[in-house]
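# Inside the fold
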Amino acid sequence: MHEISIGAALVDAAIRTAEEERPRRISKIHIEVGELTGLNPDQLRHIFKTTTKKTIIADAELVIKTIKPAIECEECGYKGRVNLVKDFHFNAPHITCPTCKSREVKITAGNECRLYRITFRNRSDE
């Protein structure tokens, strides 16, 4: 359950940023989570809710944007999305090019996990 450590790291980053900016209130925390990370968005939301109690971001909404996997094929030059087997949480995915079936691919999207925006609500917004 790596969601706990990753969720805690995201919460820490959001709290540090919020404390630096000193807004009156944080309304939203925006993160991107790639499907290849294996992170469960529902578990991340639960961890966020339980670890932010009594913090400056306690009332913030966690907005999760899911990023679909994409590749570049080293063999045929294909650039684009790939489909994953639904149970890849239990089986490591073998990512192949949908055009030529090569495994010589570079992942260009779908393995990220990042905090990319914090929406502040200042006194003037109330």
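Reference entry: report on the structure contained in this document.

The rules we used
Residues numbered from 1 in each chain as written. Predicted model: local features only at pLDDT ≥ 70, side-chain atom pairs only at ≥ 80, totals over all residues. Heavy atoms only, no water. Helix = DSSP H or I, 4+ residues; strand = E, 2+ residues; numbered from the N terminus. Buried < 20%, exposed > 50% of the residue type's maximum accessible area, 1.4 Å probe, protein only. Pairing = 2+ DSSP bridges. Axes fitted to C-alpha atoms, helices over the stretch in contact; angles between N-to-C directions.

## Some points on unusual backbone geometry
Positive phi, close to 60°, is recorded for lysine 54, a residue that is not glycine. Residue position: lysine 54 is located in the loop between α2 (41–51) and β2 (61–67). Among the residues examined, lysine 54 registers a relative accessible area of 87% and is labelled exposed. The phi dihedral of lysine 101 falls on the positive side, at around 70°, and the residue is not glycine.

## Notes on the sheet that holds strand β3 (residues 70–73)
Strand pairing in a sheet is mediated by backbone hydrogen bonds. Such pairs are either parallel or antiparallel. Spatially, three strands are ordered β4-β3-β5 in an open sheet, and the strand pairing comes out antiparallel. Of all strands in the sheet, those bounded by a partner on one side alone are β4 (79–81) and β5 (105–109). On average, each strand axis in the sheet is inclined to that of its neighbour by 30°, with strand direction left out of account. Looking at chain direction, β3 and β4 are connected through three bridges and run antiparallel. Paired with glutamate 72 across the strands is lysine 79, a residue of β4.

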